[in-house]
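Examining the three-dimensional arrangement
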Amino acid sequence: MTVSLHEVSQRFGQTTALNRVSFDVKPGVTGLLGPNGAGKTTLLRLVATVLGADSGELRLLGRDPRDGVERTAIRRRLGYMPQEPGFHRGFTAFEFVDYVAILKEWTDRRARHVEVRRVLERVGLGDVASRKIKALSGGMRRRVALAQALLGDAELLVLDEPTAGLDPEQRLRFRELLSTNAGDQTVLLSTHQTEDVAALCGHVVVLDAGAVRFAGTPAELTALAAGRVWLATERSAGARLAWRTGDGHHRCIGDAPPNAELATPTLEDGYLLLLGDKALAVAA
Amino acid sequence: MTAAVEIADRSVGAARSRGRRGVVALARVEAGLLARHPLVAAGLLFSALLLYQLYDGLLPYLPRDDAGVTQGLLPLTAGAFLAANSTTLRSRRHGTEELYTSTAVTPTTRVAAHLLSVLTAVGLASGVVLCWLAAALAVGATGLPDAAELITGPIMVGFGGALGVAVAMWVPNPRLAPLFLLALALFQAWPGLVHVSGGLTALVPLTPYLTKGWGAFEPISDFRPAAEHLLYLGGLAGLAVAAALGRRYRSSPLALAVLTAVVVTVTGASLQAVPPSRAAVREALSLSLEPAAHQRCEQRETVRYCYYPGFAGYVDEWAPAVSPVLAATPQPRTDLVVRQRTSPVQVDGIAEAASQRAQHAFWSGPSGDAATAEVGVTWGVGTKRTAFELALGLEVAKLSTGIPRGAHNYHVTRDDVRAYRTLYGEESPRNGGGDLALRAGEVINGQCIPADQARAVVALWLAGQASSGNAAALRSAVDGPLYGQSVPSDNDDEAVIHDPIAKAYLDRNTLELPLAPGFVGESRFTRLDGAYALKLLEHPRDEVLPVLHANWERWLNPSTSSGELARALGLPVHPPPEQVLNQAGIAAFVVQHAVEEADLARISPYAVYNLPRCR
C-alpha cells in the first residue's frame, strides 16, 4: 500500500477534523469525496506531511512520517498541490515552478530547467511560461500549481481540489493528463466533482464529519443507488432528492413515485443517497 | 526502493551533501532576487549619492576619508535589512508556506539560503567601496586606507541583511521591519544627538556604525578603533546569523557558534572602548601643535613646502596657487614656507585637558610667523579648486604685503568706546552677543583688519591676478548680494542695488571671501577695499605692476590709504557714501545711518568691523 491510515485522528481545538480514520490507498487514482468540512483537506495535509496526526498510525510509501529522516524521504517522492497553493505574483510561471523544483532538490540547473519546461508543457502552459503569474487567469494559476506537483513524476501525488476553477475544457485536459500520468503512481485527490471521480478514479473514499462513510470503487458507490433513481412526470413528495431535468422529467432519488420509470443511477446518485441532506449543498 | 537506496537515503554524508547543494542552489536564486529587490536598488543608489555628496570637490586623503565609506553604506545597510526581511517572509506573505513545507528542503535550509543570499548585498557594498577607491585614486587621492575601515562597510551591510532574516524568523510580520529599522536608527543616532548625557555617549561604540565627525578640519589622525569595531560588528553579524538559524534549528554546533559570536562581540566591544594611551594622544596632538617635527619639506623655486606624511602630492596643487602671487611682487621673498596644519584630535578622559589646550591654540588662528603661510589638510578639485587657490594665494599675498596674521593683543581706545556707544547704546553687544560694556584700556586678543589700507588692495589684487578663476571668485565676493539685509528705497519699496560701492557702504560686515575650508585664519578685508581691487583687476597686469613696484614700500605702509593708491593708479576714488547711496535711490534714514557708520569706521574700525585695524 502506498498510503495506509489506521485509526488516524486529528483535532483542532474543540473541533474533530478526523475521527479514527482507516483506509488504504493503492497505486492508481483515488478520489476523496465529502461535503465541506468533512475533513478532506486535513486528511490530504496529513498525507502531504505538512501536518502530523494527533493519534493513529499513518504510513506513506512504506515509511513513518513522524520520523524526521523518513519524512524527508517521503517528501522526496511526493508531489502536493494544496487547495490554496499561493503564488509569488512577481514571479513568472517558469520562475515559480523552478523555485519549487529547487525545494525538491533539483540542484542541477540544466536538468532542473528541462524538467520545469516539461511539466509546464504537460499542463499546457509552455507558451506562457515567461508570463508573470499575476497576469495569468485563475485557471492558469491552478495549472501552474499542478505543474509544480508533477515535478519529477512523484510516486505519490496529493491534489486538493485540482479541478476547482477550471473550465470544462481544462477539466477534460486535466483528466487526460492524470490518466496518462497515473501508471504506477498513486494519486490521491479531493474534489467536489463526482464526474471527475467517475471518470478518473479506481477507488473512492467518502468522508463525512471526519469519518469514512464509504471506501470502495466508483461502481460500488454507484450501486448504492441501484433501484432508487426514478424518472417521473412530477415531483414526488417521498423522494429524498428530486430535480427537474432539461427534458421536463423529474429525477427523483429515493422511494418510487407514482407513474415513474426506473433510471440508470450515476455515481452522484450514490453519493447523494449516502450523505443525504448533507450532500445537498454540494449537489446544488 | 532497493535496499541500497535505502541505505544511501539514511547516509548522513549523502544527506549533508544534498543539503549543501540545496542551500547553494536556493541561495543562488534568492541572491538574484535580493539583488533585484527595489529596496536594495534604492539603498545602493542612496549610498552612491551619499558618497558622492561626501567627497564631491575635495581631494581624498585615504587614511582619514576611508571611514566615510562606511557612513555612505548606511542606506544600503537599511535596504539590505528590509529586503532580506521581505524575501524571508515571502512564502508567508504569499501563502506558499504549506507547499514549501511539503518539499524535501527543510525550513532551516531555506533560512540558510536567505542568509547566504545576503552575500549579494555584501558584494554590492564591496563594489561600492572599490568604486569609491578607484574614483578617489583617479582624482589624485593620497595616503593608504585602513583595510579594516574598508571592510567594515560591507560587513555592516551583511549584518543588516542577516538581522533582517533574523527579525523575519522571530517576528514574522513584514510591517514590523520598518519599525525595527527605525529603532535601530534611533539607537545609532541617539547617543550623538544627546550631547550632554555621559551615559548615552557611552553607547556610541556599541552602535553598528561607529560615528565619526566630519568636516574639513577633521584631524588627519584619530583614535577610531577600526579593527576592534570590525571585530564587534563581525560578532554582531554572527549573532544575527545564529538567531536566524536558531529559530528552527537547535544543535550543539549552533550553540558553539552562538558562544563564539558572543565572545567575539564582547571582546570587540571591550577593545573598542579602551581609551588611547597618553603617549598616543601626545603624539597625535603634537601633529597639530608641532607640525614641523612631523613634516617633510620640498623646495620649489623660492618657496619651501612642508607637508605631513602622505600629502606629498598636495605640493603639486599648492605651487600653482603660490607662484603667480610671488611673481607679481618686486622681490619675491626667499624665506617663504607653506606649511600644512591639521586640527588637534579631540579626546575625552585622561588627555581631555591637553586636547582642549591644543584646540584652543589651534583655533586662535595662524601661528603669526611672518614667513609661514598655513594651509589645511584638504584641497579642492574640480569647481572647488578655485576657492582653495584663492585662499592660499591670499595667505601668500598677506605675507608679501606685511598684513599681520595670527592673534594680537589690542588695547581698546576711548574712541572705540565712544563709537560703540554711538552704534549700540550703553550696553555694547560685543561680537554680536556679549552683555558687558566695552571699557577703554581693555585688552582684546584677536585678528585685525587692514581697513582702508593700500596694502589690503594690493594683497587682494595679487591674489586675484593669479588666475582668471581667482579674479572671478573675488568679483563674486565683492559684488555679491547683501546677505540678511533688506534695504528700503526712498519710495518705501526694497531697493535693488547694483553698485558694488553702494553695497560696500551698506555692508559693515567684513568681505565674505569664498574661503576654502581647511584654512585657519580667515582673510578679513572690507568690501570698500575689495571694490578698489576689482577696479585694479580691470586694468592690464603689465600696466599695474610697474606702478605698484615703483612705490612698493609706500603701498605696504599701513598708513597709506586705499584712496591714495587709487589716485596713484588713476582709479576713481570712491565717492562719499551720501552721494553713492542717494544715487542708488536708498531711503534717507538708511543713507544717514551709513554715513554715520562710515565716519565711525574711520575713527574706530573695531567698533564697526569687530576687528581692530592692522598696524
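This text gives an overview of the structure that appears in the document.

Definitions and cut-offs
Residues numbered from 1 in each chain as written. Chains lettered and ligands numbered in written order. Predicted model: local features only at pLDDT ≥ 70, side-chain atom pairs only at ≥ 80, totals over all residues. Heavy atoms only, no water. Contact = heavy atoms within 4.5 Å. Buried area = accessible area lost by both parts, 1.4 Å probe. Salt bridge = Lys/Arg side-chain N within 4 Å of Asp/Glu carboxyl O. Helix = DSSP H or I, 4+ residues; strand = E, 2+ residues; numbered from the N terminus. Nonpolar A, V, L, I, M, F, W, Y, C, P; charged D, E, K, R; others polar. Axes fitted to C-alpha atoms, helices over the stretch in contact; angles between N-to-C directions. Parallel < 35°, antiparallel > 145°, perpendicular 65-115°, else oblique. Left-handed = near helix turned anticlockwise from the far one by under 90°. 1 Å grid on protein atoms, 1.4 Å probe; cavity = no way out; pocket = protein on both sides within 12 Å on 5 of 7 lines; lining within 4 Å. Points joined across faces, edges and corners; volume = space filled by probe spheres on them. Buried < 20%, exposed > 50% of the residue type's maximum accessible area, 1.4 Å probe, protein only. Pairing = 2+ DSSP bridges. Phe/Tyr/Trp six-rings, centres within 6.5 Å; stacked < 30°, edge-to-face > 60°. Lys NZ or Arg CZ within 6 Å of the ring centre and 35° of its normal. Disulfide = S-S within 2.5 Å.

Let's talk about the interface of chain A and chain B
Between chain A and chain B, the residue contacts involve 33 residues of the former and 27 residues of the latter. Carbon and sulfur atoms make up 61% of the surface buried where chain A meets chain B, a total of about 2700 Å² over both sides. It is A:H88, A:Y99 and A:L103 in chain A that bury the most area against chain B; as a group they hold 24% of the surface buried on that side. There are 1 salt bridge connecting chain A and chain B. Counting only elements with at least two residues in the side of chain A that touches chain B, the list comes to α2 (68–76), β5 (78–81) and α3 (93–103) of chain A. A breakdown of the residues in the side of chain A that touches chain B according to their chemical character gives 15 nonpolar, 6 polar and 12 charged.

Here's the deal with the packing of helix α20 (residues 468–478) of chain B against helix α22 (residues 527–537) of chain B
Residue and element names in this part refer to chain B. In contact at an axis separation of 9 Å, α20 and α22 are set at 140 degrees when each is read in the N-to-C sense. Considering the angle they form, α20 stands oblique to α22. The two elements α20 and α22 cross, and the hand of that crossing is left-handed. Residues A471, L474, R475, A477 and V478 of α20 pack against R527, G530, A531, L534 and L537 of α22. Its residues assigned to classes, the contact of α20 with α22 shows 7 nonpolar, 1 polar and 2 charged.

Concerning empty space enclosed by the protein
Residue and element names in this part refer to chain A. Applying the stated criterion across every chain, the model contains 2 cavities of 30 Å³ or more. Along the walls of the second largest cavity sit R240, L241, I253, L272, L273 and G276, which together make up its complete lining. When contributions to the lining of the second largest cavity are tallied by element, the ones reaching two or more residues are β11 (239–244) and α9 (267–275). Residue composition of the lining of the second largest cavity, by class: 4 nonpolar, 1 polar and 1 charged.

Points about helix α1 (residues 40–47) of chain A
Residues and elements named next belong to chain A. Counting buried positions along α1 yields 6 of 8 residues, so the element is predominantly enclosed. Among all positions in α1, only K40, T42, L43, L44, L46 and V47 are buried. Count one or two residues on from α1 and you reach T49, which has phi positive near 65 degrees.

Examining the pairing of strand β8 (residues 203–208) of chain A
Residue and element names in this part refer to chain A. Burial runs high along β8: 5 of the 6 residues are buried. As paired elements, strand β3 (residues 28–33) and β8 share 4 bridges and run parallel to each other. Residue pairing across strands places L33 opposite V206, the latter belonging to β8. Where β8 and strand β9 (residues 211–216) come together, 5 bridges link them in antiparallel fashion. Paired with L207 across the strands is V212, a residue of β9. Between β8 and β9, which pair antiparallel and follow one another directly, the connecting turn spans 2 residues, one of which, A209, has a positive phi of 55 degrees.

Overview of the packing of aromatic side chains
Residue and element names in this part refer to chain B. Across all of its chains, the model carries 11 aromatic pairs over all chains by this definition. The interplanar angle of 15 degrees and the centroid separation of 5.8 Å between the aromatic rings of F81 and F180 together place this pair among those described as stacked. Highlighted residues: F81 in helix α5 (residues 74–88) and F180 in helix α10 (residues 176–193), separated in sequence by 99 residues. Residue F180 is classed as partly exposed on the basis of its relative accessible area, which comes to 34%. Three or more aromatic residues link up through ring pairs in this structure, and these residues are Y61, Y305, F311, Y314 and W318. Cation over ring: R247 sits above W170, and NZ or CZ is 4.7 Å from the ring centre.

Topic: the sheet that holds strand β10 (residues 229–232) of chain A
Pairing between the strands of a sheet is mediated by backbone hydrogen bonds and can be parallel or antiparallel. Residue and element names in this part refer to chain A. Taken together, the 4 strands give an open sheet; going across it, the order is β11-β12-β10-β13, and neighbouring strands pair in antiparallel fashion. Both edges of this open sheet fall to β11 and β13 (261–262), since each of them pairs with a single strand only. Across 4 bridges, the pairing between β10 and strand β12 (residues 250–254) is antiparallel. Looking at β12, one finds that W230 is bridged to C252.

Concerning the sheet that holds β9(A)
Residue and element names in this part refer to chain A. Pairing in this open sheet of 6 strands is mixed, and the strands run β5-β6-β7-β3-β8-β9 from one edge to the other. Every other strand in the sheet has two partners, leaving β5 and β9 as the edge strands with one partner each. Strand-to-strand twist in this sheet, taken as the mean axis angle between neighbours without regard to direction, amounts to 15 degrees. By the bridge criterion, 4 bridges tie β5 to strand β6 (residues 156–160) in an arrangement that is parallel. Counted as the bridge partner of G79 is L157 from β6. The strands that helix α5 (residues 138–150) touches are β5 and β6; relative to β5, the one it contacts most, it runs at about 170 degrees.

Some points on the state of the cysteines
All names here are of chain B. Per the counting criterion, the structure on display carries 2 disulfides over all chains. Paired through a disulfide, C297 and C306 show a sulfur-sulfur distance of 2.0 Å. Linking C297 and C306, the disulfide has an S-S dihedral of approximately 110 degrees and is accordingly described as right-handed. Relative accessible area serves as the criterion here: at 31%, C297 is assigned to the partly exposed category. Assessed through its relative accessible area of 0%, C306 is described here as buried. Ordinal numbering of bonded cysteines along chain B defines a disulfide pattern of 1-2, 3-4.

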